[in-house]
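# Residue-level structure breakdown
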Amino acid sequence: MATRIRPSSKRCAVIGGSGFLGRHLVEKLLDKGYTVSVFDIRQSYELPGVTFHQGDLCDKQSLLTALHGVSLVFHCASPAPASDDKALFQRVNIQGTQAVLQACTEVGVQKVVLTSSASVVFEGTDIKDGREDLPYAKKPIDYYTQTKIEQEKLVLKACDKEKGLLTVAIRPHGIFGPRDPQLVPILVDTARRGKMKFIIGDGSNLVDFTFVDNVVHGHILAAESLRPESPICGKAYHITNDEPVRFWDFMSDILVGLGYAAPRYHLPYTLVYGLSLLLWLLSLLLSPLVAFKPTFTPMRVALAGTHHFYSCSRAKQDMGYKPVVSLKDGIRRTVESYPHLRHGA
Ligand SMILES: NC(=O)c1ccc[n+]([C@@H]2O[C@H](COP(=O)([O-])OP(=O)(O)OC[C@H]3O[C@@H](n4cnc5c(N)ncnc54)[C@H](O)[C@@H]3O)[C@@H](O)[C@H]2O)c1
Ligand SMILES: CC(C)CCC[C@@H](C)[C@H]1CC[C@H]2C3=C(CC[C@]12C)[C@@]1(C)CC[C@H](O)[C@@](C)(C(=O)O)[C@@H]1CC3
């Protein structure tokens, strides 16, 4: 058992602080006068005022050292969804989150803000203006989503006013912005390989893409609103740009902004989804012999061909949330931040 020191309310830790969202969160917390520790399996940058603790969040002992004297923990670590590694997701997102919660209780952390995902309710079929009371997906679309559901349940269940631990979960969707290692790089890579000519379905499906600053704003608002009397304790909140956009318009804006052609030719959704399932099965069967990762995974095709946008009215009502950057400005700032990915660069 670690000895407790009196935690200061402006001392926080960001687990997963070396990642895309984590680093943006760290930078904003510093701006707001917080003292920040980062706990991550890797150190990806250095910043004055940030203490780095390198370790695996499944190792409670390392966490105890890093969380000493901290009153507020942001947990935004996860293996990348593309890894599709069942054992890794279970170990990090489930057992690891249990270790985080135990360590928080032992050192006297008062607040935990989890980065969950709106995909915890997504089963691959249309969701329009989805609210937080939608049931968790019974058939989650992949292991990532399956373990994000278990993770969210664990964190919300741990909320205990008597014991002095308050928890809340933020469910963003399709985070984008400068330094994102997924969306823009995968999109550009797909375009460079000549595979971004097609629109899956009729192209009218609406989706949420959320600029990273808005996601950060939602996390900090949640942390600052989390008090024993607050309605947010033990609840999940969608944080979006509040501007659902046609999936293919968003992709085209990014592609055209970077000098690539927008997709033009339509392919039937069921055909592409069926093919992506076949490819996924094939890659699984052949995995002992050859390693190949299909670009059009069932998850990506479902995300690209269905409506899935969420209401953030609960966050507006309970914590006064309002996006701070519009979709248009977010896209402009994102495009400007990737000069090396421009066509011909
Ligand atoms: N990017 C999105 O569109 C999106 C959308 C919704 C939710 N989320 C959630 O937001 C969070 C952050 O995502 P991101 O896009 O910044 O991902 P990211 O991969 O950039 O960051 C995740 C960080 O977690 C760290 N990490 C992984 N395993 C760890 C372990 N065992 N111990 C310690 N650290 C470990 C990684 O090193 C990395 O720095 C994740 O929880 C993700 O599920 C992301
Ligand atoms: C080849 C494709 C048809 C087009 C390529 C775009 C693709 C790279 C992105 C479009 C939607 C993105 C997305 C995630 C990853 C990148 C995309 C598939 C996401 C799976 C990342 C993890 C999140 O938690 C997520 C599930 C979420 O809930 O926001 C993401 C959903 C959107």
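Position labels on residues start from 1 in each chain and follow its written sequence. Chain letters and ligand numbers both follow the written order, the letters beginning at A and the numbers at 1. The predicted origin of the model limits local features to residues at a pLDDT of at least 70 and limits the giving and counting of side-chain atom pairs to 80 or more, whereas totals for whole chains, interfaces and linings rest on all residues. Water and hydrogen atoms play no part in the side-chain values, which are based on all heavy atoms of the structure.

An unreviewed UniProt entry lists the protein under the name Sterol-4-alpha-carboxylate 3-dehydrogenase, decarboxylating, with Salmo salar given as the organism. UniProt positions are given in the numbering used here, feature names are shortened, and annotations may be inferred rather than shown by experiment. As its UniProt record puts it under Pathway (unreviewed entry), the protein is described as follows: "Steroid biosynthesis; zymosterol biosynthesis; zymosterol from lanosterol: step 4/6."

### Overview of the overall build of the protein
Secondary structure elements follow DSSP: runs of H or I of four or more residues count as helices, runs of E of two or more count as strands, with numbering from the N terminus. Along its length, the protein carries 11 helices and 15 strands. Its C-alpha atoms give the protein a radius of gyration of 20 Å, within 12% of the compact-globule value 20 Å for 345 residues. Based on the C-alpha atoms only, the size of the protein along its principal axes is roughly 60 × 45 × 40 Å. With 345 residues in all, the protein has 50% of them scored as buried. Every residue pair with non-hydrogen atoms within 4.5 Å of one another is taken to be in contact. The long-range fraction of contacts in the protein, counting pairs at least 24 apart against all pairs at least 6 apart in sequence, stands at 78%. Within this scheme the basic residues Lys and Arg register as positive and the acidic residues Asp and Glu register as negative, but His and the chain ends are omitted. In this description, the location of a charge corresponds to atom NZ of lysine, CZ of arginine, CG of aspartate or CD of glutamate. Here the protein holds 40 positive side-chain charges and 33 negative ones, and the gap between their average locations is 1 Å. Radius of gyration here is computed from C-alpha atoms only, and the compact-globule reference equals 2.2 Å multiplied by the residue count raised to the power 0.38. Using a 1.4 Å probe on the protein chains alone, a residue whose accessible area is under 20% of its type maximum counts as buried, one over 50% counts as exposed, and one in between counts as partly exposed.

### As for helix α3 (residues 86–107)
The terminal C-alpha atoms of α3, which comprises 22 residues, lie 30 Å apart, in line with the 32 Å expected from a rise of 1.5 Å per residue. Where α3 bends most, at G96, the angle is about 30°. Where α3 begins, one side-chain oxygen reaches toward the backbone nitrogen of A87, 3.3 Å away; that side chain belongs to D85. Just downstream of α3 lies G108, where phi reads positive at about 85°. Here the expected span of a helix is defined as 1.5 Å times the quantity of residues minus one. The seven residues ending at a residue and the seven starting there each receive a fitted axis; the angle between those axes is the bend at that residue. Any pair of nitrogen or oxygen atoms within 3.5 Å is treated as a polar contact; in protein, a donor-acceptor pairing is required on top of that, and neighbouring residues in sequence qualify only through side-chain atoms on both sides.

### A word on the site of ligand 1
Here, proximity means that at least one heavy atom of the residue falls within 4 Å of the molecule or strand. In the vicinity of ligand 1 lie 24 residues, with F20, L21, D40, Y144 and K148 positioned nearest. Between ligand 1 and the protein, one listed contact pairs an oxygen atom with a side-chain N or O atom of R42 at 2.9 Å. Backbone polar atom of S78 to an oxygen atom of ligand 1: 3.4 Å apart, as the coordinates give it. Here the Shrake-Rupley method, with its probe set to 1.4 Å, supplies the accessible areas, and only the displayed protein chains count as covering residues. Protein chains shield 89% of the accessible area of ligand 1, which is 820 Å² for the free molecule. Among the elements of the structure, α1 (20–31) and α4 (143–157) are those that each provide at least two residues to the shell around ligand 1.

### Here's the deal with the packing of α3 against α4
Angular values range over 0 to 180 degrees, each being the angle between N-to-C directions of two axes fitted as lines to C-alpha atoms, with helices fitted over their stretch in contact. Put simply, α3 and α4 touch, their axes get as near as 9 Å, and they point 10° apart. With respect to α4, the axis of α3 lies roughly parallel. Together, K86, F89, Q90, N93, I94, T97, Q98 and L101 of α3 and Y143, Y144, T147, K148, E150, Q151, L154 and V155 of α4 make up the contact between the two elements. Under the grouping applied here, Gly and all other residues not named as nonpolar or charged are polar, the nonpolar ones being Ala, Val, Leu, Ile, Met, Phe, Trp, Tyr, Cys and Pro and the charged ones Asp, Glu, Lys and Arg. Residue composition of the contact of α3 with α4, grouped by class: seven nonpolar, six polar and three charged. What sets the label is the angle itself: under 35 degrees gives roughly parallel, over 145 gives roughly antiparallel, 65 to 115 gives roughly perpendicular, and the rest give oblique.

### Digging into the packing of aromatic side chains
Note on aromatic pairs: the rings of Phe, Tyr and Trp (six-membered ring only in Trp) are paired at centre separations within 6.5 Å, and the planes decide the class, stacked below 30 degrees, edge-to-face beyond 60, tilted for the rest. By the definition in use, this model includes nine aromatic pairs. Geometrically, the ring pair formed by F198 and Y265 is tilted, given 6.2 Å between the ring centres and 50° between the ring planes. Here Y265 lies in strand β14 (residues 265–267) and F198 lies in strand β9 (residues 198–200), a separation of 67 residues in the sequence. Of the residues examined, F198 reaches a relative accessible area of 35% and is grouped as partly exposed. The class for Y265 is partly exposed, based on a relative accessible area of 43%. Taken together through their ring pairs, the aromatic side chains of F176, F209, F211, F247, W248 and F250 make up a single cluster. Lying over the aromatic face of Y45, R23 brings its terminal NZ or CZ to 4.4 Å of the ring centre. The rule is short: NZ of Lys or CZ of Arg within 6 Å of the ring centre and within 35 degrees of the ring normal puts a charge over the ring.

### Some remarks on the UniProt feature "domain: 3-beta hydroxysteroid dehydrogenase/isomerase" (unreviewed entry) in the protein
Mapped onto this numbering, the UniProt entry gives "domain: 3-beta hydroxysteroid dehydrogenase/isomerase" (unreviewed entry) at residues 13–264. The distance from the first to the last C-alpha atom of residues 13–264 is 45 Å, and the span holds 37% helix and 20% strand.

### Concerning the site of ligand 2
Near ligand 2 lie 14 residues; those nearest to it are P81, S117, Y144, H173 and G174. The side chain of S117 places a nitrogen or oxygen atom 2.7 Å from an oxygen atom of ligand 2. One of the backbone nitrogen or oxygen atoms of G174 is found 2.5 Å away from an oxygen atom of ligand 2. For ligand 2, whose unbound accessible area comes to 650 Å², protein coverage reaches 93%. Where the shell around ligand 2 is concerned, the elements lending two or more residues are α7 (247–257) and α9 (298–305).

### Looking at the UniProt feature "transmembrane region" (unreviewed entry) in the protein
Look at the UniProt record and you will see "transmembrane region" (unreviewed entry) annotated at residues 271–292. The straight-line gap between the two end C-alpha atoms of residues 271–292 is 21 Å; of that span, 68% is helix and 0% is strand.

### Observations regarding the environment of I141
The topology assignment puts I141 in the loop between β6 (127–130) and α4. On a C-alpha basis, the gap between I141 and G124 in space is 6.5 Å, while along the polypeptide they are 17 residues apart. Every residue in contact with I141, bar those within four places of it in the chain, is listed here: F122, G124, M299 and A302.

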